[in-house]
Amino acid sequence: MKNRFYLTAALLGVLCASAHAQSERVQRLVGQLTQDEKISLLSGSRDPKNLGQAGYLPGVPRLGIPELRLTDGPAGVRVAHPATALPAPVALAASFSPTLARRYGQVLGREGRALEQDILLSPMTNIVRVPQAGRNFETFGEDPLLASKIVEEEIRGIQSEGLIATIKHFAANNFERDRNTIDAIVDERTLREIYLPAFQAAIQAGAGSVMGSYNRLNGTFACENPFLLDTVLRQEWGFTGFVMSDWFATHSTGPALTAGLDMEMPGSGMGNFGPPSFFGAKALASVPAEQIDRAVARILTSLEAVGLLDKQKPRPSLESIAEGDAKAAREIAIAGSVLLKNEKNCLPLSKSDLQSVAVIGSAAKTPMIGGGGSASVVPLRSENFLTALARRTGSAASYVSGTDLDGQPVPASALKLDGTESLNFVGDKGLKPEKYTWSGTLTAPSDGTYALKLQVKRGTARLTLDGKPLIATGMFFGGNDSLLPTNDGLKNGSVAVTLKAGEAHQVTITASAGGPFPGMPAPDGLLEVRLAWVTPERRAEKINEAVSAAKKARTALVFAYDEGTEGSDRESLGLPGDQDALIAAVAAANPRTVVVLSTGSCVTMPWLSKVAAALETWFPGQEGADATAAMLSGEAEPGGRLPVTFPQRLEDAPTAPEARYPGVGGKAVYSEGIFVGYRHYDQEKVRPLFPFGHGLSYTRFTLSGLKTETLATKAGRKTRISFIVKNVGKRAGVAIPQVYLGAPDTPPVPMATNALVGFERVSLEPGESRTVTLTLGDSALSYWSAEKHAWAAVPGSRPIRVGFSSRDLPLTGRTQ
Ligand code: BGC
């Protein structure tokens, strides 16, 4: 089936890329390069300058091919030097603003230039399919149209500054579990309608490079998949740039090159702990010269397109652009924050409200600026909410953490270990950088749930309880570490366990100096290790403190967070640690409880009906605290709408069956088909907690006057839709009306109840109204026919619905 699919699609050759896509200059350069020089362009190597970026190519200076630095990532330039930490891409998507996407891209592009980088490893545009997937914060939500509109402008922004943008991860890379091996089984209609459109939009916007993903698609690794890399990318979409592998995602030489992979990353560029290079001199020695030339030419074509083969303009200094970039980060943080609930207009807080505020939750003090993994950025600056609020409003709010993130060292009375009295080797009591093992017993003093915390600095550590591995900390990916280090700077790996008073458990702790990869050198200094815990009594004590603070204040502001990261998926949609219990307790004590969420994607909210307001700020970037203070005090209004559905329960998600996620026997079958995100909840008639597109404003809007018209144009039939949006409230605000297309009475294939086909971000003064006009072309009105292996028109008239979310669609019309 797979091969037939590849072959037929290839034969169709819908849009054959020109065989002469390369310029004369590129052809000449290929002719002038020696074999060694060519090979040096096809896989990464070590950066002599070591600026801390992900990849490096030495270039060929004698021919004017510059050395190239490849940097992550999606939320800011990730090098050793600090850079502007932008709000997470999910926040950008929540702004529903292609204009802001362009600015976001410009910040990435010019800071990349300033920080001596040439290729940006972003944007990421994998559709959010699995609500708990670790990287959902890095991408643009669950809808292909929204993702397309955002990604194309971000790419234009990046490349307008002279960097190559890399669209990633191509394709069907939708979760982290088993990401290096998982086989995504996706039927062709689903691929075409859901998972590929945003990539195609990126290519049409001129993305210079594509990153092949870790996973397999329908049996073949993405980085050697001829359907993806040749049929779709080159023959159909006419892509003339180059494809690089994700880091360590190359699996072969011949098959990969033949399929269309042009560059192996990181090659030998990440020290001596990488696997041998498939695109190194030895491996390429037996490869036909034309294949090597083809890959080289594609790389040069992308360099040429963004001007990297020309004399370079001087790079800007970071100092000269940082203020402007911080302003953009702040504006996007506000434009992307979503006001989920606001009973009795609890928000914004008035001047007098601000005189009596209890701020609760560690995230108010230690902000969750960004997610983890390759998208994390060393921020140029950061501030916490308490200082931002005091600076902005003069309000000296009281603060209590409400939870104990660091815990307390497990006392000697509970921990008996061979060879040591306690496990608390921190600061100048740190250990010589070696390997250690301690074994003994852990005995809890009372019944209940304990958060066990293994903490480490300059090394890695593991804990097993009764022979079972329980905690791994200091790992690159996949351990139990929080993104937030302890107050004294240790990695903090935490797991909750239920223990019975007086029962002794066998415990073994190992610790080892050095980095998370074998062979990685140990950082200078002592190895620090601590075993801490939060007892049930301590947890109650912290919550009680928060409750008394909340009782004394007119308004309780609870800051809650979750931890999105590359390398692992969340185990549940609940807030980590004790946060749900904390919010519930505070809400019971103060009816004016406002929850400010910093989460990478959807979370469940068992306390929602008890709180007055909830504001989702995502991972808001370095300006997040200031933006939040501005929104809560009403100086700005949260302008975002949800780019992902928030389900009531994880079991409601389209990927709840195991065969869909995480898969069985190494395969994840995308059998939900096109019913991803809101399409699923509509199809199954399941009420979400908050629907896709939802978000309140501090003012109110109405919609009226829907008109639909069919236009016969040279380019085919088009449907023009117009309606009026009006601000009927008392302050200026942003409306984001959305247009959805329904299924015809007798659909040729199962179709979504509503599919987003247009939206507009409209700023309106009080009393102001605006007519919004959108035109739908053929592509919006067609479906992918698996019989014809092509787009086909949907016969019959279809409902058009306009409203403020996928579940709030007051205007209805029809296409002709
Ligand atoms: C990630 C990519 C990233 C690369 C380089 C990989 O682990 O999947 O998104 O660009 O590392 O850091």
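(A) Quick peek at the environment of Gly 73. Tracing the backbone through its elements, the reader meets Gly 73 in the loop between β2 (68-71) and α4 (89-94). If we ignore the near neighbours within four places in the chain, the residues touching Gly 73 are Arg 78, Leu 108, Leu 120, Leu 121 and Ser 122.

(B) The arrangement of the sheet that holds strand β5 (residues 183-185) in detail. Taken in spatial order, the four strands line up as β8-β7-β5-β26 in an open sheet, and their pairing is mixed. With partners counted over all chains shown, the strands left at the sheet margins are β8 (220-221) and β26 (667-669), one partner each. Where β5 meets β26, three bridges bridge the pair, whose relative direction is parallel. Bridge pairing in β26 links Ala 184 to Ala 668.

(C) Summary view of the nonpolar core. Judged by nonpolar contacts, the single largest core of 125 residues is most densely connected at Ile 65, Ile 167, Phe 170, Leu 228, Met 244, Trp 247 and Leu 300. Considering each element in turn, this core owes the most residues, seven residues, to helix α12 (residues 289-305). In this structure Trp 247 touches Ala 54, Gly 55, Leu 70, Leu 121, Met 211, Tyr 214, Met 265, Pro 266 and Met 270, once residues within four positions along its chain are discounted.

(D) Highlighting the site of the ligand. Among the 13 residues in the neighbourhood of the ligand, the closest are listed as Asp 72, Arg 135, His 169, Asp 246 and Glu 566. Asp 72 is positioned such that a nitrogen or oxygen atom in its side chain is 2.5 Å from an oxygen atom of the ligand. With respect to the ligand, the side chain of His 169 contributes an N or O atom lying 2.7 Å from an oxygen atom. Surface burial for the ligand is 92%, taken as the share of its 310 Å² of free accessible area covered by protein chains. By residue class, the composition of the shell around the ligand is five nonpolar, two polar and six charged.

(E) Representation of the side chain of Thr 555 in the model. By the element assignment, Thr 555 lies in strand β23 (residues 555-561). By relative accessible area, Thr 555 is classed as buried at 0%. In this structure the side chain of Thr 555 is engaged in a polar contact, spanning 3.1 Å, whose partner is the side chain of Arg 592. The contacts of Thr 555, once residues within four sequence positions are left out, are Leu 349, Ser 356, Val 357, Ala 358, Asn 590, Arg 592 and Val 594.

(F) Broad picture of the sheet that holds strand β36 (residues 799-803). Ordered by their spatial adjacency, four strands build an open sheet running β31-β30-β36-β37, and the pairing between neighbours is antiparallel. Two strands in the sheet have a free side with no partner beyond their single neighbour: β31 (755-759) and β37 (811-814). Neighbour-to-neighbour, the strand axes of this sheet turn through a mean angle of 25 degrees, independent of strand direction. Where strand β30 (residues 738-741) lies against β36, four bridges are found, and the strand directions are antiparallel. Each bridged residue has a counterpart across the sheet, and for Leu 741 the counterpart in β36 is Ile 800.

(G) Molecular detail of the pairing of strand β28 (residues 716-727). Pairing between strand β27 (residues 701-713) and β28: 11 bridges, direction antiparallel. The residue bridging Ala 712 from the neighbouring strand is Arg 717, located in β28. Between β27 and β28, which follow one another and run antiparallel, lie two residues. Judged from the eight bridges that link them, β28 and strand β33 (residues 769-776) form a sheet pairing that is antiparallel. Looking across to β33, one finds that Phe 723 is bridged to Val 772.

(H) Layout of unusual backbone geometry. Note the cis peptide between Ser 122 and Pro 123, where omega equals 10 degrees. Structurally, Pro 123 is set in the loop between β3 (119-120) and α6 (144-160). Although it is not a glycine, Ala 172 sits at a positive phi angle of roughly 60 degrees. Structurally, Ala 172 is set in the loop between β4 (164-170) and β5. Residue Ala 172 is classed as buried on the basis of its relative accessible area, which comes to 5%. For Asp 178, which is not glycine, the phi torsion reads 50 degrees and is therefore positive. Looking at the element boundaries, Asp 178 is found in the loop between β4 and β5. Classification of Asp 178 by relative accessible area gives partly exposed; the value is 45%.

(I) Just helix α13 (residues 318-336), in detail. Taking 1.5 Å of rise per residue, 19 residues should cover 27 Å, and α13 covers 25 Å from first to last C-alpha, within 8% of that figure. The axis of α13 is deflected most strongly, by about 25 degrees, at Gly 324. Listing the buried residues of α13 in full gives Leu 318, Ile 321, Ala 322, Asp 325, Ala 326, Ala 328, Ala 329, Ile 332, Ala 333, Ile 334, Ala 335 and Gly 336. Where α13 is buried, its residues touch α4, α5 (98-114), β10 (338-342) and α17 (624-632).

(J) Looking closely at the packing of α5 against α6. It is the contact of α5 with α6, at a shortest axis distance of 6 Å, that shows an interaxial angle of 35 degrees. α6 is crossed by α5, and the crossing has right-handed handedness. In contact with Pro 98, Ala 101, Arg 102, Tyr 104, Gly 105, Gln 106, Leu 108 and Gly 109 of α5, α6 contributes Lys 149, Ile 150, Glu 153, Glu 154, Arg 156, Gly 157, Ile 158 and Ser 160. Residue classes in the contact of α5 with α6 are distributed as six nonpolar, five polar and five charged.

Thresholds, definitions, all that
Residues numbered from 1 in each chain as written. Predicted model: local features only at pLDDT ≥ 70, side-chain atom pairs only at ≥ 80, totals over all residues. Heavy atoms only, no water. Helix = DSSP H or I, 4+ residues; strand = E, 2+ residues; numbered from the N terminus. Contact = heavy atoms within 4.5 Å. Pairing = 2+ DSSP bridges. Core = buried A, V, L, I, M, F, W, Y, C linked by side-chain atoms within 4.5 Å. Buried < 20%, exposed > 50% of the residue type's maximum accessible area, 1.4 Å probe, protein only. Near = heavy atom within 4 Å. Polar contact = N/O pair within 3.5 Å; in protein donor to acceptor, adjacent residues only side chain to side chain. Areas by Shrake-Rupley, 256 points an atom, 1.4 Å probe, with all protein chains shown as cover. Nonpolar A, V, L, I, M, F, W, Y, C, P; charged D, E, K, R; others polar. Axes fitted to C-alpha atoms, helices over the stretch in contact; angles between N-to-C directions. Expected span 1.5 Å × (residues − 1). Bend = angle between axes of the 7 residues up to and from the residue. Left-handed = near helix turned anticlockwise from the far one by under 90°.

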